[in-house]
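# What the coordinates show
Chain by chain, the residues:
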Protein chains: 4
Amino acid sequence: MSKILVINGSSRENGNTERLTSIMLENISHAHIHLRDYVIKPIIDKRHTVEGFSPVDDGYDQIIQSVLEHDILIFATPLYWYGMSGYMKNFIDRWSQSLRDKRFDFKKEMGMKKGFVVICGGDNPDMKGLPLIQQFQYIFNFVGLEYIGYIIGEGNAPDEVLQDERAIVQANHWNKFFKNL
Amino acid sequence: MSKILVINGSSRENGNTERLTSIMLENISHAHIHLRDYVIKPIIDKRHTVEGFSPVDDGYDQIIQSVLEHDILIFATPLYWYGMSGYMKNFIDRWSQSLRDKRFDFKKEMGMKKGFVVICGGDNPDMKGLPLIQQFQYIFNFVGLEYIGYIIGEGNAPDEVLQDERAIVQANHWNKFFKNL
Amino acid sequence: MSKILVINGSSRENGNTERLTSIMLENISHAHIHLRDYVIKPIIDKRHTVEGFSPVDDGYDQIIQSVLEHDILIFATPLYWYGMSGYMKNFIDRWSQSLRDKRFDFKKEMGMKKGFVVICGGDNPDMKGLPLIQQFQYIFNFVGLEYIGYIIGEGNAPDEVLQDERAIVQANHWNKFFKNL
Amino acid sequence: MSKILVINGSSRENGNTERLTSIMLENISHAHIHLRDYVIKPIIDKRHTVEGFSPVDDGYDQIIQSVLEHDILIFATPLYWYGMSGYMKNFIDRWSQSLRDKRFDFKKEMGMKKGFVVICGGDNPDMKGLPLIQQFQYIFNFVGLEYIGYIIGEGNAPDEVLQDERAIVQANHWNKFFKNL
């Protein structure tokens with residue numbers, strides 16, 4: 001059975017993104033990481049230095065350990081300024097270091113997994129969230145993650161996404177999908 | 001005369017983005033902020049709490065002070081994973097807090113400024129950088145920054161962008177433009 | 001009650017786009033125009049000539065007459081080469097002539113209507129159809145059509161879209177929406 | 001030496017797109033097809049019929065003959081309603097028929113060629129033309145055309161693009177590029 005990991009990029013508890021993701025995964029076993037619970041330092045690009053990347057002492061390695069142990073990665077992020085949150089961006093930026101990490105073959109590992117994207121935001125996210133959907137397509141392609149799909153929900157105030165029926169019916173649809181995996 | 005501020009989101013010194021921006025601003029007076037020189041904490045979204053945002057003790061306020069004092073903001077970021085760097089994303093995410101800051105009217109101040117975007121990256125940035133260009137359009141629209149234009153340069157290894165003649169001719173073009181402002 | 005018009009850009013009968021649109025509008029009164037049933041000549045751009053546009057003798061005027069009589073316009077097009085079909089593109093290109101037509105104020109009329117987009121195609125339309133969704137946003141903005149929403153369905157072979165459960169649940173969702181208008 | 005073919009989708013003579021393309025190809029040998037000079041019927045999708053596509057009696061075959069004889073295809077189209085013109089869309093839609101044409105292996109032939117895109121339009125084409133650039137990426141990928149690059153010029157009234165210095169410097173840049181091929 002596929003092991004599912006949610007990587008949540010929100011800065012607050014019980015936000016709309018988390019809510020929508022929970023509906024999608026109702027009664028489905030999964031692990032959940034809130035990036036805000038970890039210190040993740042921004043990358044220092046040393047790809048072109050002689051010494052290469054230095055080990056970084058923060059929470060990143062622990063998250064990657066969990067990533068490697070799961071088959072399906074659900075990137076759940078609020079739409080902050082029409083993009084993924086800084087929490088999630090710093091996390092993904094660090095993948096450049098993982099790609100050079102000798103302890104595993106990051107690209108090969110990711111190439112065996114699948115990815116899904118959940119976005120919630122205000123200000124017409126069905127339209128203004130599309131560049132982020134396209135960005136994730138490029139990210140997934142680069143590491144070989146198969147793009148399962150995405151949901152875009154609308155909501156700013158707490159629980160507002162529960163009123164976005166279009167998002168809810170999609171969450172229910174994907175709930176069936178993940179149950180049948 | 002217009003006062004120009006470069007906000008640089010790169011993690012390394014003398015990167016391609018910085019190089020291309022320097023060519024564009026050769027012999028033009030401007031200030032330059034490297035976000036990596038500051039601690040900028042990721043936002044904690046308190047828009048929907050009773051108490052609202054708490055003051056954050058880091059380098060953000062100092063940068064905003066500089067932003068407010070300039071007329072043209074040049075967002076110069078390497079293309080990390082087909083988006084702006086985490087450094088820059090954390091910086092922009094914090095604007096949500098500035099929008100509620102009583103010390104100034106952030107949106108009104110930004111509405112009197114103009115913005116420009118410089119992106120450098122590998123892996124076909126002229127194509128795969130377009131979602132980021134679109135994201136900046138939405139960001140600029142939201143705060144009322146007039147979008148002057150953008151340059152996309154190609155380059156990964158140090159100084160590689162100097163070989164991207166298409167980017168260089170555009171940098172030279174914009175150099176004239178900024179000189180004539 | 002809102003009067004709904006479907007403008008269908010498919011070249012074949014009972015295609016997937018038509019199927020999906022029918023599900024969305026089940027038991028809802030609406031008119032349906034198949035652009036393939038009309039001769040619509042490509043535009044000859046005379047915006048910058050002294051004499052201006054000449055009347056064109058084809059089916060376009062009849063369709064516009066119907067457009068003007070409805071409140072909600074549903075643009076239903078197969079995804080041909082990652083864009084709207086040539087049938088639909090030729091139809092929309094001619095709007096440039098309608099904008100200068102003295103018999104009505106096209107922009108004002110359109111500004112009182114709402115638009116919706118239905119797309120069906122193969123080859124990962126949820127991703128590769130997004131530029132078309134964005135193009136429609138610009139089109140709608142230009143003439144002032146309010147963008148209600150969109151559905152993207154997957155399907156090439158006849159009736160294949162009926163297997164795309166994600167599209168179907170969305171069609172059902174919008175069915176309720178249009179019934180409650 | 002590479003043989004260059006311009007496929008022009010404009011409806012008027014000496015338009016901005018044609019002007020910009022001419023600057024780009026100054027003193028470079030090339031052929032030029034104006035789609036408006038041919039009758040190109042919209043496709044009738046018969047991919048899923050027993051009998052398959054029927055031969056169509058119009059100018060399409062003649063253009064394809066020329067396409068097959070060249071190495072570099074320059075798709076030059078005005079930005080009509082934020083997309084390629086209907087002339088060009090009808091032409092490309094017909095490729096679905098060519099893909100099934102027994103007289104040649106269309107995909108293999110195209111896979112040995114390279115493509116370039118020139119777009120001219122008003123209303124902020126550097127931004128609102130980006131979905132079309134992305135659409136061409138998908139089109140080129142599908143048939144295997146290598147995407148050399150693109151220029152976006154601004155201009156509505158005759159010769160207005162000559163004022164768009166940013167487009168002109170790019171045209172001059174690509175002029176050198178094509179000369180050195």
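Sequence order as written defines residue numbering, which begins from 1 separately in each chain. Whichever chain is written first is A, and whichever ligand is written first is 1; the rest continue in order. Only residues with pLDDT of at least 70 get local features here, since the model is predicted, and only at 80 or more are side-chain atom pairs given and counted; chain-wide, interface and lining totals rely on the full set of residues. Side-chain descriptors were evaluated using all non-hydrogen atoms of the structure, hydrogens and water having been removed beforehand.

### Some remarks on the overall build of chain A
The way it works is that DSSP assigns letters per residue, a run of H or I at least four long becomes a helix, a run of E at least two long becomes a strand, and they are numbered from the N terminus. Summing up its helical and strand segments, chain A has 8 helices and 5 strands in all. Here the globule rule reads 2.2 Å times residues to the power 0.38, and the radius of gyration is calculated from C-alpha atoms. Its C-alpha atoms give chain A a radius of gyration of 16 Å, near enough to 16 Å, the size a compact globule of 181 residues would have. For chain A, the spread of C-alpha atoms along the three principal axes comes to 55 × 35 × 25 Å. For chain A, the residues scored as buried account for 63% of the 181 residues in total. Working rule for contacts: check all heavy atoms of both residues, and any pair within 4.5 Å makes them a contact. Of all intrachain contacts in chain A linking residues separated by at least 6 positions in sequence, the fraction that spans at least 24 positions is 78%. One finds the centroid of the 20 positive side-chain charges in chain A at a distance of 5 Å from the centroid of its 23 negative side-chain charges. Each residue's exposure class comes from its accessible area (1.4 Å probe, protein chains only) as a fraction of the maximum for that residue type: buried when under 20%, exposed when over 50%, partly exposed otherwise. Charged residues are defined here as Lys and Arg on the positive side and Asp and Glu on the negative side; His and the ends of the chain fall outside this count. Charge positions come from single atoms, namely NZ of Lys, CZ of Arg, CG of Asp or CD of Glu.

### Some thoughts on the nonpolar core
With 159 residues, the main nonpolar core has Trp95(A), Trp95(B), Trp95(C) and Trp95(D) as its most contacted residues. Residues in contact with Trp95(B), not counting those within four places in the same chain, are Trp81(A), Tyr60(B), Ile64(B), Phe75(B), Phe106(B), Met110(B), Ile139(B) and Val143(B). Note on terminology: a nonpolar core comprises buried Ala, Val, Leu, Ile, Met, Phe, Trp, Tyr and Cys residues joined through side-chain atoms within 4.5 Å.

### Describing helix α3 (residues 86-93) of chain C
Across the 8 residues of α3(C), 8 count as buried, placing the element largely inside the fold. Listed in full, the buried residues belonging to α3(C) are Gly86(C), Tyr87(C), Met88(C), Lys89(C), Asn90(C), Phe91(C), Ile92(C) and Asp93(C). Taken together, the buried residues of α3(C) touch β1 (4-8), α2 (60-68), β3 (72-78), α4 (95-98) and α7 (130-143) of chain C together with α3 (86-93) of chain D.

### Side note on the sheet that holds strand β2 (residues 31-34) of chain A
Residue and element names in this part refer to chain A. Strand pairing is assigned whenever DSSP detects at least two bridges linking the two strands. One open sheet holds the 5 strands; their spatial order is β2-β1-β3-β4-β5, and the pairing between them is parallel. Either end of the sheet is taken by a strand with one partner, and the two such strands are β2 and β5 (146-154). Each neighbouring strand pair of the sheet contributes to a mean axis angle of 15°, computed without reference to strand direction. Taken together, the 7 bridges between strand β3 (residues 72-78) and strand β4 (residues 114-121) define a ladder with parallel strand orientation. Counterpart to Ile74 in the pairing with β4 is Phe116. Lines fitted to C-alpha atoms define the axes here, with helix axes fitted over just the stretch in contact, and angles between the N-to-C directions of these axes take values from 0 to 180 degrees. Contacting β1 (4-8), β2 and β3, helix α2 (residues 60-68) runs over the sheet at an angle of about 150° to β1.

### Comments concerning the confidence of the model for chain A
Per residue, pLDDT measures the predictor's confidence, with a range of 0 to 100. In this model, chain A carries a mean pLDDT of 96, and residues with pLDDT of at least 70 account for 100%. Here the predicted complex carries an ipTM of 0.96, next to a pTM of 0.97.

### Observations concerning the relation of the copies chain B and chain A
Structural alignment of chain B on chain A gives an RMSD of 0.0 Å, achieved by rotating through 180° and translating 0.0 Å along the axis. This pairing of chains is accounted for by a two-fold axis. Residue Pro131(B) of chain B places its C-alpha closer to the rotation axis than any other residue of that unit, at 2.3 Å. In this assembly, 100% of the residues forming the interface of chain B have copies in chain A that are likewise at the interface, indicating an isologous arrangement. Least squares is the method for superposing the copies, and the C-alpha atoms it fits come from residues with pLDDT of at least 70 in both.

### Quick look at the UniProt feature "domain: NADPH-dependent FMN reductase-like" (unreviewed entry) in chain A
The positions UniProt marks with the feature "domain: NADPH-dependent FMN reductase-like" (unreviewed entry) are residues 3-122 of chain A. In residues 3-122 of chain A, the share of helix is 29% and the share of strand is 20%. The end C-alpha atoms are 31 Å apart. UniProt positions are given in the numbering used here, feature names are shortened, and annotations may be inferred rather than shown by experiment.

### Structural notes on the interface of chain B and chain A
At the junction of the two partners, chain B supplies 36 residues and chain A supplies 36 residues. Buried area, as used here, totals the accessible surface that two parts lose on assembly, with accessibility defined by a 1.4 Å probe and the loss added over both. Summed over both sides, the interface of chain B with chain A buries roughly 3,100 Å², with 62% coming from carbon and sulfur. By the criterion of area lost to chain A, the three top residues of chain B are Trp81(B), Tyr82(B) and Tyr138(B), representing 26% of everything that side buries. By definition here, a salt bridge exists when the distance from a side-chain nitrogen of Lys or Arg to a carboxyl oxygen of Asp or Glu is within 4 Å. Connecting chain B to chain A are 2 salt bridges. Linking Asp45(B) and Arg12(A) is a salt bridge whose minimum nitrogen-to-oxygen distance equals 3.2 Å. Any pair of nitrogen or oxygen atoms within 3.5 Å is treated as a polar contact; in protein, a donor-acceptor pairing is required on top of that, and neighbouring residues in sequence qualify only through side-chain atoms on both sides. Seen at the junction of chain B and chain A, the total is 22 residue pairs in polar contact (both at pLDDT 80 or more). Taken together, the elements giving at least two residues each to the side of chain B that touches chain A come down to α3 (86-93), α4 (95-98), α6 (125-128) and α7 (130-143) of chain B. A per-element tally of the side of chain B that touches chain A places α7(B) first, with 7 residues. Class assignment of the residues belonging to the side of chain B that touches chain A gives a composition of 19 nonpolar, 10 polar and 7 charged. Note that Gly is not counted as nonpolar here; it falls among the polar residues with everything else outside the nonpolar set of Ala, Val, Leu, Ile, Met, Phe, Trp, Tyr, Cys and Pro and the charged set of Asp, Glu, Lys and Arg.

### Looking at the packing of α7(B) against helix α7 (residues 130-143) of chain D
Running from N to C, α7(B) and α7(D) point in directions that differ by 160°, and their axes come no closer than 11 Å. For the element pair α7(B) / α7(D), the angle class is roughly antiparallel. Both α7(B) and α7(D) take part in a crossing whose hand is left-handed. For the pair formed by α7(B) and α7(D), the contact residues are Leu130(B), Pro131(B), Ile133(B) and Gln134(B) on the first element and Leu130(D), Pro131(D), Ile133(D) and Gln134(D) on the second. Here the contact of α7(B) with α7(D) is composed, by residue class, of 6 nonpolar, 2 polar and no charged. Working definition: roughly parallel below 35 degrees, roughly antiparallel above 145 degrees, roughly perpendicular at 65 to 115 degrees, and oblique for all remaining angles. Rotating anticlockwise by less than a right angle from the far helix to the near helix defines a left-handed crossing, while the corresponding clockwise rotation defines a right-handed one.

### Things to note about the sheet that holds β1(C)
Residues and elements named next belong to chain C. Read across the open sheet, the 5 strands follow the order β2-β1-β3-β4-β5; overall the sheet is parallel. Each end of this open sheet is capped by a strand with a single partner; those strands are β2 (31-34) and β5 (146-154). Each strand axis lies, on average, 15° off the axis of its neighbour in the sheet, ignoring direction. One ladder, built from 8 bridges, connects strand β4 (residues 114-121) with β5; its direction is parallel. Opposite Val117, over in β5, you have Tyr150 as the bridge partner.

### So, the environment of Ala76(D)
Residues and elements named next belong to chain D. On the secondary structure map, Ala76 appears in strand β3 (residues 72-78). Taking the relative accessible area as the measure of exposure, Ala76 reaches 0% and is therefore buried. Not counting chain neighbours up to four residues away, the residues in contact with Ala76 comprise Val6, Ile7, Asn8, Gly9, Thr17, Thr21, Met88 and Val118.

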